[in-house]
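Commentary on secondary and tertiary structure
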Amino acid sequence: MSQTRKVRKAVFPVAGLGTRFLPATKAVPKEMLTVVDKPVIQYVVDEAIDAGIEHLIFVTGRSKAVIEDYFDIQVELEQTLRQRNKTAELTLLESILPVAGSTSFTRQQEPLGLGHAVWCARELVGNEPFALLLPDMIMKGEKGCLKGMVELFEHSGANIVAVEECAPDQAHKYGIVGVGEAIGDGFAITKMVEKPPQGTAPSNFFINGRYILQPEIFPILSTQERGAGNEIQLTDAMVKLAGSQKFAAYHFRGETYDCGAKDGFILANIAFALARADIRPSVEGPLRELVAKLK
């Protein structure tokens, strides 16, 4: 296994079509849909930067150029804001702008699955460990999910997968891990199973969309046969890598919202709005009234 080093790079697979949100995603990438007043992708990038990530790598597809534009300077907009003395808005835009040279973009020309999207980032990642954050999943917790994973990685040197608990009868819907000995804020992974048949899951801990992987995953992905959905599955490659390297699970204790699904997206907007001191007073009352009308 590669020598344990700092996790400096993060990969964001943003090439998906977002068909579950049509017609909105006909023109707007699903990652740019807003939760309150920030695009979903901004929450995920913020989590990565909070964890110490220095280089952001986006695996994009056709019609996703707006993501690249979002993480760049918008000259005309900023000039207009200066002319109108909109200093608060200018400060906000400056705060979300990545450091110059810290973002890279590469294309996934065909929709061949998550494993293929990760493989497309191989030249930009190079021979070092990297984080992988699924851009649909945004999280709320006392500590950022990836930040806790980085701490566990530095403690264990293992590949890290973030997990949460689900109801045992729901385990067949997820990628599930087997539970081994305790390690820091997590445990050793004894097996990984993608959507196990009902009643056969090794635990109720499911993979929630955050990973720290060693670069040895790339040679495996380069020859990985297509699996479920006729796509190159990351889980299949991780199972192979687990034959020669350690895997550990970081137990995230917080709330995760799947913004790739309509219900998760709506719940995320409610949760993040209620967490905002400037918004909660105006929405809490109407929300309570709406809930009271439910039958």
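Quick note: structure is the one above.
Residue positions are given per chain, counting from 1 as you read along its sequence in written order. Only residues with pLDDT of at least 70 get local features here, since the model is predicted, and only at 80 or more are side-chain atom pairs given and counted; chain-wide, interface and lining totals rely on the full set of residues. Side-chain figures throughout are based on the complete set of non-hydrogen atoms in the structure, without hydrogens or water.

With that out of the way, let us pick up the overall build of the protein chain. Looking only at helices and strands, one finds 11 helices and 13 strands in the protein chain. We compute the radius of gyration over the C-alpha atoms and compare it with the globule rule, which gives 2.2 Å times the number of residues raised to the power 0.38. Its C-alpha radius of gyration of 20 Å places the protein chain within 12% of the 19 Å reference for a compact globule of 295 residues. Contacts: residue pairs with any heavy atoms within 4.5 Å of one another. Nonlocal contacts in the protein chain, meaning residues at least 24 apart in sequence, comprise 76% of its contacts between residues at least 6 apart. Accessible surface computed for the protein chain: about 15,300 Å², of which carbon and sulfur atoms make up 52%. We score Asp and Glu as negative and Lys and Arg as positive, and we do not count His or the chain ends. Every charge is mapped onto a representative atom, which is NZ of Lys, CZ of Arg, CG of Asp or CD of Glu. For the protein chain, the centre of its 32 positive side-chain charges and the centre of its 36 negative side-chain charges are spaced 3 Å apart. In this text, helices come from DSSP runs of H or I with a minimum length of four residues, and strands from runs of E with a minimum of two, each type numbered from the N-terminal end. For every accessible area listed, the method is Shrake-Rupley and the probe measures 1.4 Å; residues are considered covered only by the protein chains on display.

Before going further, it helps to examine the side chain of lysine 9. With respect to the secondary-structure elements, lysine 9 resides in strand 1 (residues 9–13). Polar contact criterion, stated in full: a pair of N or O atoms within 3.5 Å, where within protein one must be able to donate a hydrogen and the other to accept it, and residues adjacent in sequence count only if both atoms are side-chain atoms. For lysine 9, the side chain forms a polar contact with the main-chain oxygen of valine 125, separated by 3.1 Å. For lysine 9, the residues in contact, after removing those within four places along its chain, are Ile53, His55, Ile57, Leu124, Val125, Glu128, Phe130 and Ala131.

By this rule, a helix spans an expected 1.5 Å times one less than how many residues it contains. With 12 residues, helix 7 (residues 145–156) should reach 16 Å at 1.5 Å per residue; the first-to-last C-alpha distance of 17 Å fits that figure. Relative accessibility decides the category of a residue: with a 1.4 Å probe and only protein chains considered, values under 20% of the type maximum give buried, values over 50% give exposed, and everything between is partly exposed. Here helix 7 has its buried residues at Cys145, Leu146, Gly148, Met149, Val150, Leu152, Phe153 and Ser156. Count one or two residues on from helix 7 and you reach glycine 157, which has phi positive near 75°.

We define a salt bridge as a side-chain nitrogen of Lys or Arg found within 4 Å of a carboxyl oxygen belonging to Asp or Glu. Tallied over the full model, the rule gives 14 salt bridges. A salt bridge links lysine 38 to aspartate 46, with the shortest nitrogen-to-oxygen separation between them at 3.1 Å. For lysine 38, a relative accessible area of 25% gives the class partly exposed. With relative accessibility at 31%, the residue aspartate 46 sits in the partly exposed group.

As used here, the term nonpolar core means buried Ala, Val, Leu, Ile, Met, Phe, Trp, Tyr and Cys residues forming a set that is joined through side-chain atoms within 4.5 Å. By size, the foremost hydrophobic cluster in this structure holds 46 residues, and its most contacted members are Phe12, Val35, Phe58, Ile138, Leu146, Ile160 and Ile212. When near neighbours in sequence (up to four residues on either side) are disregarded, phenylalanine 12 contacts Ile41, Val44, Val45, Ala48, Leu56, Ile57, Phe58, Val59 and Leu133. One finds Val11, Ala117, Ile217 and Ile232 within the second-largest nonpolar core, a separate group that totals 31 residues.

Stacked, edge-to-face and tilted labels apply to pairs of Phe, Tyr and Trp rings (six-membered ring for Trp) whose centres lie within 6.5 Å, assigned for plane angles under 30 degrees, over 60, and everything in between, in that order. Counting across every chain of the model gives 10 aromatic pairs. Ring geometry for phenylalanine 21 against phenylalanine 265: centres 5.5 Å apart, planes inclined by 75°, an arrangement best described as edge-to-face. With phenylalanine 21 in the loop between strand 1 and strand 2 (34–35) and phenylalanine 265 in helix 10 (residues 262–274), this pair connects stretches of sequence that are 244 residues apart. You can call phenylalanine 21 buried: its relative accessible area is 10%.

Below, the discussion takes up the packing of helix 10 against helix 11 (residues 280–292). Two numbers describe how helix 10 lies on helix 11: the axes approach to 9 Å, and their chain directions differ by 130°. Taken together, the axes of helix 10 and helix 11 lie oblique to each other. Facing Ile270, Ala273 and Leu274 of helix 10, the residues of helix 11 in contact are Arg280, Val283, Glu284 and Leu287. Only Asp, Glu, Lys and Arg are considered charged in this grouping, and only Ala, Val, Leu, Ile, Met, Phe, Trp, Tyr, Cys and Pro are considered nonpolar; every other residue, Gly among them, is considered polar. The residue makeup of the contact of helix 10 with helix 11, split by class, is 5 nonpolar, no polar and 2 charged. As a rule, the C-alpha atoms of each element are fitted with a line to give its axis, helices using only the stretch in contact, and angles between N-to-C directions run from 0 to 180 degrees. For classification purposes, an angle smaller than 35 degrees is called roughly parallel, one larger than 145 roughly antiparallel, one from 65 to 115 roughly perpendicular, and anything else oblique.

On to a nonpolar patch on the surface. There is a patch of nonpolar side chains on the surface, built from Ile73, Val75 and Leu97 and spanning about 230 Å² of accessible area. Inspection of the secondary structure assignment puts isoleucine 73 in the loop between helix 2 (65–70) and helix 3 (75–83). The patches described consist of residues with a relative accessible area above 30% and no salt bridge, like charges being joined within 9 Å and nonpolar side chains (Val, Leu, Ile, Met, Phe, Trp, Tyr) within 5 Å.

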